[in-house]
Amino acid sequence: MIKGRFKRFLSVTLTLVFTIGLILVAWRNKPDAYQAQSENMLPDLASITRGTEDGRKVVTASWNGSAPVVIHDNYTIDMILDPEKRTYTAALTVDIYNDSADTWNEACFRDYPSAFADKENGALSEFSEVRNAVSGTELSLERSAEDNTVVTVYLDAPLKPGETTTITARYKASVPELAARFGFQSIEGGGTDFSLGNAFPVLCPYENGAFQSGKYFDYGECFYSRMANYEVRVTAPADYTVIATGDPAGESAEDASGLRSESFSADAVRDFALVIGNDFQKATGTVDGIEINSYYHEADSDNGQAALYFAEEAFQNYDSRLGKYPYARFNVALTKTDMMGMEYPELIMLTNDGTDGAMSAPHEILHQWFYSLLGNNEYAAPWIDESVTTYLCNRGLEDHSGIITEASGDYADANQYEERIYF
């Protein structure tokens, strides 16, 4: 994510960087040498295989020759958006795998929409009908008094190391009126956009004998989640465009009431994000077999086309430098947001305010590797994703160095966070 006074810095710097064709982003090799090196370095496509274990989906993924990662966590979500009430409901089914050496008697989830309970149209999310999917036993849950985004579900039987259990629940969240990564925004000329980042409860990683749940901050990233597989169906008015993590799964269906349902599938991702709004236009390109889509409203046509250009340039560069992007699709959505951009797996949100959003696309795309694939704890060590991404995006910053070890909560305010983490 890019926000605050760092936005002014990047507005000038990135204009220069991209005007000269990403020269500062490339290695110091001469162009002909870099091109030859890139062709030799380009790795194979990711290997992703799908199977089942005890009737549950299991995905095994390997990138660029790395050791395979076996992913047992599955989220099946059936979501309905109500644009008039600014709410959405969802039927959730979650497969939880105990990857630790400890026995679990509870499972801890992050419910980030509840962080906005004090905002206009915000509210604490509602959980109901929480059950063990196999036994049908109703499960109790408790919301943390210290952090209302932390929800603990108490299991009806101990979950031993290497075992999987399945939980079902009904979920309802309110969307605040915010120009942010989670919120609804009124669009010039009419219409409404819903930016739904971190929109569904996700299981906390379990490390050192506890579920990890660093405090939520709206001025920077503080997320940490495990790789999981998502099957999501979204129902919204037929004249709304649904932009999502993952690939379309099956045909969309429209009913007599003017609602349309669309399904998406995303394996081996750390989160699932959505942007839903009416009157979106789309520009499309392809790089290294990756379908790249830029979504924008008519008033933002020039910036939408520019965002596609910068995204294509970025993928041409980073695919060879960092290892092959392992997914088949990538979406860019220009929205009304106070931040320059925000990253999610296979989806980034960019501001539609001037050219800043389009030019920040490479920074947000780099997050597809640094947090999305690497998966660091953004609360405990935000420098691993933000500082490294900033460095790789702008070679002109290579002389700025320092050792940063603080967690997100150690900074006095947003200005100090941005100075330390970005600069």
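The shown structure was predicted, so the numbers you read here are calculated from the model rather than taken from an experiment.

Chemist: So what's going on with the overall build of the chain? Which residues, and what values?
Modeler: When helices and strands are tallied, the chain shows seven helices and 26 strands. For the chain, buried positions account for 54% of its 423 residues. Considering only contacts in the chain between residues 6 or more positions apart, those separated by 24 or more positions represent 66%. Within the structure as shown, the chain displays about 17,600 Å² of accessible surface, and the carbon and sulfur contribution to it stands at 48%.

Chemist: Which residues make up the sheet that holds strand β17 (residues 240–244), and what are the values?
Modeler: The strand order β11-β12-β21-β17 describes an open sheet built from four strands, whose pairing is antiparallel. Looking at the sheet topology across the chains shown, the edges are occupied by β11 (182–186) and β17. Pairs of neighbouring strands in the sheet enclose a mean axial angle of 10 degrees, with direction left out of account. Relative to strand β21 (residues 274–278), strand β12 (residues 192–196) is paired through four bridges, and the arrangement is antiparallel. Paired with L196 across the strands is L274, a residue of β21.

Chemist: Residue-level account of the packing of helix α6 (residues 386–393) against helix α7 (residues 414–422), with values.
Modeler: It is the contact of α6 with α7, at a shortest axis distance of 8 Å, that shows an interaxial angle of 55 degrees. Taken together, the axes of α6 and α7 lie oblique to each other. When α6 is examined against α7, the residues E386, S387 and T390 are found in contact with a partner set consisting of Y417, I421 and Y422. Split into classes, the residues belonging to the contact of α6 with α7 amount to three nonpolar, two polar and one charged.

Chemist: Could you give an account of the sheet that holds strand β13 (residues 202–203), with specific residues and numbers?
Modeler: Read across the sheet, four strands follow the order β8-β9-β6-β13 without closing on themselves; strand pairing throughout is antiparallel. The open sheet terminates on both sides in strands that have one partner only, identified here as β8 (141–143) and β13. Direction of pairing for strand β6 (residues 104–110) relative to β13: antiparallel, over a ladder of two bridges. Residue F109 lies in a different strand from β13, and its bridge partner there is L203.

Chemist: Break down α7 for me, citing the residues and quoting the values.
Modeler: Considered for burial, the residues of α7 that qualify are Y417, E418, I421 and Y422. Buried residues in α7, looked at end-on, bunch into an arc of 95 degrees, giving them a common side. Where α7 begins, the side chain of D413 points an oxygen toward the backbone nitrogen of N415, at a separation of 3.2 Å.

Chemist: Tell me what's going on with the pattern of salt bridges, and back it up with residues and numbers.
Modeler: This structure, assessed with the given rule, holds 13 salt bridges. We note a salt bridge from R50 to D267, for which the minimum N-O separation is 2.4 Å. In this pair, R50 is assigned in strand β1 (residues 47–53) and D267 in strand β20 (residues 259–269), connecting sequence segments 217 residues apart. The buried category is assigned to D267, whose relative accessible area is 6%. A salt bridge links R56 to D95; the nearest nitrogen and oxygen atoms lie 3.7 Å apart. Residue R56 is located in strand β2 (residues 56–62), and its partner D95 is located in strand β5 (residues 87–97); the two are separated by 39 residues in the primary sequence.

Chemist: Would you mind going over the packing of aromatic side chains in detail, with residue names and values included?
Modeler: The tally for this structure, following the rule as stated, stands at 27 aromatic pairs. When the centroid spacing of 5.2 Å and the interplanar angle of 45 degrees are considered together, the rings of W104 and Y206 count as tilted. A residue pair is termed long-range when its members are at least 10 positions apart, and W104 in strand β6 and Y206 in strand β14 (residues 206–207) qualify at 102 residues. Y206 shares its class with W104; the two are buried. An aromatic cluster of at least three residues, connected via ring pairs, comprises F315, Y318, Y325, Y327, F330 and W369.

Chemist: An account of the pairing of strand β4 (residues 74–82) is needed here, citing residue identities and associated values.
Modeler: As defined by bridge partners, β4 adjoins β5 across nine bridges and the pair is classed as antiparallel. Opposite L81, over in β5, you have Y88 as the bridge partner. Linking β4 back to β5 in an antiparallel pair, the connection comprises four residues, with R86 at a positive phi of about 60 degrees. Summarising the sheet, β4 and strand β16 (residues 228–237) pair through seven bridges and their orientation is parallel. Across the sheet, the residue bridging to M79 is V234, located in β16.

Each value, and the rule that gives it
Residues numbered from 1 in each chain as written. Predicted model: local features only at pLDDT ≥ 70, side-chain atom pairs only at ≥ 80, totals over all residues. Heavy atoms only, no water. Helix = DSSP H or I, 4+ residues; strand = E, 2+ residues; numbered from the N terminus. Buried < 20%, exposed > 50% of the residue type's maximum accessible area, 1.4 Å probe, protein only. Contact = heavy atoms within 4.5 Å. Areas by Shrake-Rupley, 256 points an atom, 1.4 Å probe, with all protein chains shown as cover. Pairing = 2+ DSSP bridges. Axes fitted to C-alpha atoms, helices over the stretch in contact; angles between N-to-C directions. Parallel < 35°, antiparallel > 145°, perpendicular 65-115°, else oblique. Nonpolar A, V, L, I, M, F, W, Y, C, P; charged D, E, K, R; others polar. Arc of directions from axis to C-beta. Polar contact = N/O pair within 3.5 Å; in protein donor to acceptor, adjacent residues only side chain to side chain. Salt bridge = Lys/Arg side-chain N within 4 Å of Asp/Glu carboxyl O. Phe/Tyr/Trp six-rings, centres within 6.5 Å; stacked < 30°, edge-to-face > 60°.

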